[in-house]
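# Working through the structure, step by step
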2 protein chains.
Amino acid sequence: MRVLVLGGDGYLGWPTAVHLSDCGHTVGIADNFARRNYDQELGVESLVPIYPLHIRVGAWAELSGRQIDIFCGDITDAAFTRELISGFRPHAVVHFAEQRSAPYSMIDQAHAVYTQRNNVIGTLNLLFAIAEIDRDIHLVKLGTMGEYGTPNIDIEEGWLTVEHNGRRDRVLYPKRPGSFYHLSKVHDSHNIEFACRSWGLRATDLNQGIVYGHEIAATGADPRLATRFDHDAIFGTVLNRFIVQAVLDHPLTVYGSGQQTRGLIDIRDTVECIRLACVNPAAPGEFRVFNQMTEAMSIEEIAKTVTACYPGASEIEYLDNPRVEQESHYYNVKHSGLIDLGLQPHYLSDTLIDSLFAVVERHRDRADLAAMRPTINWRRPGR
Amino acid sequence: MRVLVLGGDGYLGWPTAVHLSDCGHTVGIADNFARRNYDQELGVESLVPIYPLHIRVGAWAELSGRQIDIFCGDITDAAFTRELISGFRPHAVVHFAEQRSAPYSMIDQAHAVYTQRNNVIGTLNLLFAIAEIDRDIHLVKLGTMGEYGTPNIDIEEGWLTVEHNGRRDRVLYPKRPGSFYHLSKVHDSHNIEFACRSWGLRATDLNQGIVYGHEIAATGADPRLATRFDHDAIFGTVLNRFIVQAVLDHPLTVYGSGQQTRGLIDIRDTVECIRLACVNPAAPGEFRVFNQMTEAMSIEEIAKTVTACYPGASEIEYLDNPRVEQESHYYNVKHSGLIDLGLQPHYLSDTLIDSLFAVVERHRDRADLAAMRPTINWRRPGR
C-alpha cells in the first residue's frame, strides 16, 4: 500500500517510514523540519548525531533498494497539503507532523499559541484535503495517553459507555489533559471524530504512551539511518533522559514524588503499531481509538529500574515538580486493541536498557547535562 | 464593578454592554468589527439598521449619562489583549469575541480554519493575559449548548459524575459538537478548564441556547441603540428567521423533519444571565459551567408557534436538512444554575412574538428572502 508519513523526519516519524518501507510499502515523507529548528531555538542537540533527510533516504535506498519520496512543506499551508494528498494519493496517511513537547507548549503565550495553531490547523487542513480528494484515505493520527490525564476510573480506548440517570450512551472518553500540547491533541481528536461522523472519513487515533528506545531493526544497520535521541528537559522523554543521567553518573531527576504512573512503549512497538493500524484500516465513518502503550509504571519505578541495571549509577534526585499533575492517583488503562491486531509487545527489560546504555555510552561526549534540568514552570505562565 | 465586554459591538455583546452600564457597572467594549465584515463578505445586512459603535456609545452617554470606553482591536493579537487587560483592569471579562455561526464555519477549509484559529487563539491570549496580569479577573465566556450535541443521557451543567466499573470520577461532560464552530467552543472549554486547574483562574462558561428577540429595556429607547437582527441563513438564528418569513408571507423553512430539539433563551434573559455571572463570580481555580437556556422546543414546535401567532402566515416548508444532525433524539437539559443565582426567565410567549413581529414589520423592506435559503451543505466540504 501507499503510505504518506507526515513528520517523517522526526524521532518516530523517521523509523516509522523506514519500517513501512522495509515491510514493502510505498512510502512518502513530508516534513517542514520544524523539529530540527526547535534544536536551534533551544540550543540543544540529539545525543546521537542525525543526518539530513536526503542523506537518510539515500542511505536507505542504497541499503534496501527501496525509494522513499520526500515532500518538503508545512501542512498548515492548505495548498501544500492538498497537492501533497492529490499528488501522492496514499492509502493511509500517518500523521506525526505536530509539535510534540508538553514543556515546549508551556514556555509562554507564544509557544502555547504556536503549538495549538500548528497542530490543530495542520490536522484540519489534512481532514479537508482527504474529504475533498478521497474519503477512503485512512488517517492514522498520533495522539497521546496524556490526553486522558489521570481519571479515577478505568481508561478505555477512546470511547466510554456511560450510564447516567437510568439511560445510556457511548461517548468520547472525557479528557483532562495536562498542557497546551496535550490539549491540542484533544482538540484534534474532537475535530477528527466530527469529520468521521459528518463526512464518513476513516480514522485511527493512536493515544501513545511515553516512548523509549532508539533503534529498530531497519535503522540499526547504518549510522546514517539513526533517528534522534533527545535528552534535554523539553524534548527528551523520561526514560531516555534517565539512561543518559545514569551513564554520566548524574542523579536521575524525578519530578515530585515520582508516584505519577504513565503508559510506556518501546520504539520497536510504536512502528509496528502504526503498521498494524495501516494494514487494518478503520471502517468508513469510523473514529477508531487505540491506546498505544504496552505497560504502565511509575516514574520512580522507571528510575529504580535504570539504576538497578547500571552498576555505579547515581541515586535519584527528587525535584520540585515543575508540572501541575496528580502525583498519587489511580491508573488502569485498557490497551487491547493493538494486541488484537497482532502486536507482540517488547517490555521494558534489562536487554533493552542495556542496548540503550550502549547507545548513550557511544555518544556520551555529546550529552548536555545542563539542558536536562527542567526550566519551564507549569504554574507561572510567561517567562 | 469594572467589566470589559469583548465583541461588544455584536448582536448580544452590545445589549450586554448597555445592560451592564445601565445597572451601574463601569463598562468597556473591545471589538475588531469582524461581525460587520462578515456582512460585507456575505452580501447581507441586519434587518434592523445598526449604527456605528461610536454613535451607539454616544447615544447611550446622551441618554443615560454613562460612558462606555471603546477599544478597537483583535484579541488574536496578544500584545493588544495584554494592553487591553492591563489598561482597563476589569473585575470581569465577558467574552463574546468569537466567530459564532455554525454554517459560516462549514463554508470551506478557509472558513473552518479561520473560525478555529480566531476563537481558540483569541481565548488563549486572553487566558495568558489574565494569568500574567491578575488571576483574580473573572472570565465569563460564551459557549453554546451545541457543544453537547444530542446525547442519549441527561445533559448536566458542564461536569458529569461518572460511575464506571465500580469507581467514580467527576469529569468534563463529554461533547459531540456539530460543526467546526461548535468544536471551537469545545476546544475553548478545555483550554479554560486547564487554565483554572493549573493557574487558579476563575471562569464561568455559559453554554447558551438559541437566542431570540431583539430589544432589551435599555436599548429600546432610541433607534441608535438597536442591536443587529440577522435573518440570513448563515448568521440568523432560527426563531428570528421564522418571524421574518411569517411577516413576508413566505413558508417557514424547517430543516429536515424539524423534530430536532434545542434550548432557547430570550435576549433579555441572556443579558441578565451575564450580569448574574459577573456579580457572582466563580471561585479561584473554579471552572464553572451554566447551561444558559430557559426552555427546550423542537424546531417544528417553534415554527408552529410562530404560524399560530401570526394570522395569515404561510405554511411550513420542510427542506432537506443541510446539516448532519440527529432529527429524532432524547433531550433533557439541566439548567438550574442561573435560576439559583436569581434569573427570572421570560418564556417564548405570544407577547414576545408580537413584539418581534412589530420589529420585523417596521423593517420588512430590508428583508432579503433569497439570503434565507440554506446554501452550506455539511456533507460536502469545500465549495
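Residues numbered from 1 in each chain as written. Chains lettered and ligands numbered in written order. Predicted model: local features only at pLDDT ≥ 70, side-chain atom pairs only at ≥ 80, totals over all residues.

Turning our attention to the overall build of chain A. Assigned secondary structure in chain A consists of twelve helices and 14 strands. Against the globule reference of 21 Å for 383 residues, chain A gives a C-alpha radius of gyration of 20 Å, in line with a compact fold. Along the longest, intermediate and shortest principal axes, the C-alpha atoms of chain A span 65 × 55 × 40 Å. The buried share of chain A, taken over its 383 residues, is 55%. Nonlocal contacts in chain A, meaning residues at least 24 apart in sequence, comprise 84% of its contacts between residues at least 6 apart. (Helix = DSSP H or I, 4+ residues; strand = E, 2+ residues; numbered from the N terminus. Rg over C-alpha atoms; globule rule 2.2 N^0.38 Å. Buried ≥ 20, exposed ≤ 12 C-beta atoms within 10 Å, placed from the backbone. Contact = placed C-beta atoms within 7 Å.)

Moving on to the relation of the copies chain A and chain B. With an RMSD of 0.0 Å, the fit of chain A onto chain B corresponds to turning through 180° and sliding 0.0 Å along the axis. The two molecules are tied by a two-fold rotation axis, judged by turn and shift. Here 100% of the interface residues in chain A have copies in chain B that are interface residues too; the copies meet face to matching face. (Least-squares fit on C-alpha atoms with pLDDT ≥ 70 in both.)

The next subject is the interface of chain A and chain B. Contact residues are listed per partner, giving 43 residues for chain A and 43 residues for chain B. Where the side of chain A that touches chain B is concerned, the elements lending two or more residues are α6 (109-133), β6 (159-164), β7 (167-172) and α7 (180-199) of chain A. Of the residues forming the side of chain A that touches chain B, the biggest block, twelve residues, is contributed by α6 of chain A. A per-class count over the side of chain A that touches chain B returns 23 nonpolar, eleven polar and nine charged. (Nonpolar A, V, L, I, M, F, W, Y, C, P; charged D, E, K, R; others polar.)

Further remarks concern helix α1 (residues 13-22) of chain B. Residues and elements named next belong to chain B. Extensive coverage of α1 is indicated by the burial of ten of its ten residues. Buried residues of α1: Gly13, Trp14, Pro15, Thr16, Ala17, Val18, His19, Leu20, Ser21 and Asp22, and no others. Check the buried side of α1 and you find it contacts β1 (2-6), β2 (26-31), α3 (53-64), β3 (68-72), β4 (92-95) and α9 (267-279). Count one or two residues on from α1 and you reach glycine 24, which has phi positive near 100°.

All right, on to the sheet that holds strand β5 (residues 138-144) of chain A then. Residue and element names in this part refer to chain A. Reading across from one edge, β3-β2-β1-β4-β5-β8-β12 is the order of the seven strands in this open sheet, with parallel pairing throughout. Every interior strand has two partners, whereas the edge strands, β3 (68-72) and β12 (287-292), have only one. With strand direction ignored, the average angle separating the axes of adjacent strands in the sheet is 20°. (Pairing = 2+ DSSP bridges. Axes fitted to C-alpha atoms, helices over the stretch in contact; angles between N-to-C directions.)

Residue and element names in this part refer to chain B. As summarised here, the arrangement of the three strands in space is β9-β11-β13, forming an open sheet in which the pairing is mixed. A single partner strand is all that each edge strand has here, and the edge strands are β9 (210-212) and β13 (295-298). Sheet twist, expressed as the mean angle between neighbouring strand axes with direction ignored, is 45°. Helix α10 (residues 299-309) rests against β11 (261-266) and β13 of the sheet, and its axis sits at about 90° to β13.

For the rest of this paragraph, the subject is the environment of threonine 237 of chain B. Residue and element names in this part refer to chain B. Within the fold, threonine 237 resides in the loop between β9 and α8 (238-247). For threonine 237, a count of 21 C-beta atoms within 10 Å puts it in the buried group. Considering only alpha carbons, one finds threonine 237 and isoleucine 210, 27 residues apart in sequence, at a separation of 6.7 Å. Excluding anything up to four places from it in sequence, threonine 237 contacts Ile210, Val211 and Tyr212.

Turning our attention to the nonpolar core. Counting residues in hydrophobic clusters, the biggest one holds 222 residues, and the most contacted among them are Val94, Ile243 and Val306 of chain A together with Val94, Ile243 and Val306 of chain B. Those residues in contact with isoleucine 243 of chain B, other than ones at most four positions away along the chain, are Val306, Ile353, Leu356, Phe357 and Val360 of chain B. (Core = buried A, V, L, I, M, F, W, Y, C linked by C-beta atoms within 7 Å.)

Let us look at the packing of helix α6 (residues 109-133) of chain B against helix α7 (residues 180-199) of chain B. Residue and element names in this part refer to chain B. Viewed as axis vectors pointing N to C, α6 and α7 meet at an angle of 15°, and their least axial separation amounts to 9 Å. The orientation of α6 relative to α7 falls into the category roughly parallel. Considering how the two elements wind past one another, α6 and α7 form a crossing that is right-handed. Residue-level contacts link Ala112, Thr115, Gln116, Asn119, Val120, Thr123, Leu124, Leu127 and Ala131 of α6 to Phe180, Tyr181, Leu183, Ser184, His187, Asp188, Asn191, Ile192, Ala195 and Trp199 of α7. (Parallel < 35°, antiparallel > 145°, perpendicular 65-115°, else oblique. Left-handed = near helix turned anticlockwise from the far one by under 90°.)

Successive residues of a regular strand alternate their side chains across the two faces of the sheet. Residues and elements named next belong to chain B. Along strand β10 (residues 252-255), the buried face is formed by Leu252 and Val254; none of Thr253 and Tyr255, which line the opposite face, is buried. Relative to strand β14 (residues 316-319), β10 is paired through four bridges, and the arrangement is parallel. Note that in β14 the partner of threonine 253 across the bridge is glutamate 317.

Moving on: the pairing of β7 of chain A. All names here are of chain A. Bridge count for β6 against β7 is six bridges, and the pairing is antiparallel. Its bridge partner being in β7, threonine 161 is matched across the sheet by arginine 170. Taken together, β6 and the strand that follows it, β7, pair antiparallel across an intervening segment of two residues, in which asparagine 165 is found at a positive phi of about 50°.

Here the focus is α9 of chain B. Residue and element names in this part refer to chain B. Under the 1.5 Å per step criterion, the end-to-end length of α9 is 19 Å for 13 residues, consistent within 8% with the ideal 18 Å. Summarising burial for α9: eleven of the 13 residues are buried, a large majority. Those residues of α9 that fall on the buried side of the exposure criterion are Ile267, Asp269, Thr270, Val271, Glu272, Cys273, Ile274, Arg275, Leu276, Ala277 and Cys278. (Expected span 1.5 Å × (residues − 1).)

Another aspect to go through is unusual backbone geometry. The phi dihedral of aspartate 249 of chain A falls on the positive side, at around 60°, and the residue is not glycine. Structurally, aspartate 249 of chain A is set in the loop between α8 (238-247) and β10 (252-255).

Here the focus is the confidence of the model for chain A. For chain A, mean pLDDT is 96; residues scoring 70 or higher make up 99% of the total. We note a pTM of 0.98 for the whole complex and an ipTM of 0.97 for its interfaces. (pLDDT = per-residue confidence, 0-100.)

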